[in-house]
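The residues making up each chain are set out below.
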Amino acid sequence: MTVMGLNENEKVELEVSGDYWQKVVLFVEQQKSGKFLFTNERILFYWGKPEKVTPLISIPYSDIGKVEKVSVGPAFIKFIPTGINITTRNGVVYKLSVLKRDKYIDFINEKLK
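Numbering of residues starts from 1 in every chain and runs along the sequence as written. Thresholds applied to this predicted model are a pLDDT of at least 70 for local features of residues and 80 or more for the giving and counting of side-chain atom pairs; totals over whole chains, interfaces and linings are not thresholded and use all residues. With hydrogens and water set aside, each side-chain value is computed from the structure's full complement of heavy atoms.

Undergrad: Give me the lowdown on the pairing of strand E6 (residues 80-88), citing residues and values where you can.
TA: Put simply, side chains in a regular strand alternate between the two faces of the sheet. Relative accessible area decides the class of each residue, using a 1.4 Å probe on protein chains only: under 20% of the type maximum gives buried, over 50% gives exposed, and in between gives partly exposed. Secondary structure is summarised from DSSP: a helix means a run of H or I of at least four residues, a strand means a run of E of at least two, and numbering begins at the N terminus for each. Within E6, 7 of the 9 residues are buried, leaving the element largely enclosed by the surrounding structure. Strands pair, by our definition, only if DSSP identifies at least two bridges between them. Pairing of strand E5 (residues 64-72) with E6, which is carried by 7 bridges, proceeds in the antiparallel orientation. Paired with Glu-68 across the strands is Asn-85, a residue of E6. Here E6 runs beside strand E7 (residues 93-97); their pairing, made up of 5 bridges, is antiparallel. Residue pairing in the sheet places Ile-84 in a bridge with Leu-96 of E7. The turn linking E6 back onto E7 is made up of 4 residues, and Gly-91 within it adopts a positive phi angle of 90°.

Structure (structure tokens):
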């Protein structure tokens, strides 16, 4: 598959469908379903087909400060144990949601070493 937005020597290592929870205001988050690509350089999220659109988010591993498990869900009811909070070194928080999240957390942590 050809992927829009990849750098010259960047390669997709893992691909998974999931949700990106984007903060809209205060405690309100908007769920966007799409595809996460874990490359040798960064995490990308596509809302649409990766071969046709540019990524909605791009998180270089070098920018990641902390990775944590969280629960996700609508409004104040956070009970689905599939979330991953990624906090960058400058304090930006991204909330991902994927099945088998431990696999992806382990992958990210390996990239941080």
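Resuming the write-up.
Undergrad: An account of the layout of surface pockets is needed here, citing residue identities and associated values.
TA: Grid spacing is 1 Å over the protein atoms alone, the probe is 1.4 Å, and a cavity is where that probe fits but cannot get out, while a pocket is an open set with protein on both sides within 12 Å along at least five of seven lines and lining residues have an atom within 4 Å of a point. Grid points are joined across faces, edges and corners, and a volume is the space filled by probe spheres set on the points. Each pocket or cavity is described by its volume, and for the largest pocket that value is around 160 Å³. Forming the walls of the largest pocket are Tyr-20, Trp-21, Gln-22, Lys-23, Leu-26, Phe-27, Glu-29, Asn-85, Val-93, Tyr-94 and Lys-95. Of all the secondary-structure elements, those providing two or more residues to the lining of the largest pocket are strand E1 (12-25) and E7. The leading source of residues in the lining of the largest pocket is E1, at 4 residues. Three classes are used: nonpolar for Ala, Val, Leu, Ile, Met, Phe, Trp, Tyr, Cys and Pro, charged for Asp, Glu, Lys and Arg, and polar for all others, with Gly counted as polar. Here the lining of the largest pocket is built from residues that sort into 6 nonpolar, 2 polar and 3 charged.

Undergrad: Describe the side chain of Thr-82, and please don't skip the residues or the numbers.
TA: Looking at where Thr-82 falls in the secondary structure, it is placed in strand E6. Distance and chemistry together define a polar contact, namely a pair of N or O atoms within 3.5 Å, with one atom able to donate a hydrogen and the other to accept it when in protein, and with adjacent residues in sequence counting only for side-chain atoms on both sides. For Thr-82, the side chain forms a polar contact with the side chain of Ser-97, separated by 2.6 Å. Dropping the residues within four chain positions of it, Thr-82 is found in contact with Val-70, Val-72, Leu-96, Ser-97, Val-98, Leu-99 and Arg-101. Here a residue-residue contact requires only that any non-hydrogen atoms of the pair lie within 4.5 Å.

Undergrad: Any chance you could break down the pattern of salt bridges for me, citing the residues and the numbers?
TA: By convention in these notes, a salt bridge is any Lys or Arg side-chain nitrogen within 4 Å of a carboxyl oxygen on Asp or Glu. Scanning the entire structure with this criterion turns up 8 salt bridges. A salt bridge links Lys-111 to Glu-13, with the shortest nitrogen-to-oxygen separation between them at 2.9 Å. Taken together, the positions of Lys-111 in helix H1 (residues 101-112) and Glu-13 in strand E1 put the pair 98 residues apart, joining distant regions of the chain. A salt bridge links Lys-95 to Glu-29; its shortest N-O distance comes to 3.1 Å.

Undergrad: So what's going on with the sheet that holds E7? Residues and values would help.
TA: Pairing is antiparallel across the open sheet formed by 7 strands, whose spatial order is E4-E3-E2-E1-E7-E6-E5. The two strands at the open ends of the sheet, each matched to only one other strand, are strand E4 (57-60) and E5. Across the sheet, the axes of successive neighbouring strands diverge by a mean angle of 30°, strand direction being ignored. Axis definition: a line fit to C-alpha positions, over the contact stretch in the case of helices; interaxial angles, taken between N-to-C directions, run 0 to 180 degrees. Those strands touched by H1 are E1, strand E2 (28-39), strand E3 (42-46), E5 and E6, and its axis lies near 175° from that of E5.

Keep in mind that these numbers describe shape and distance, not what the molecule does.
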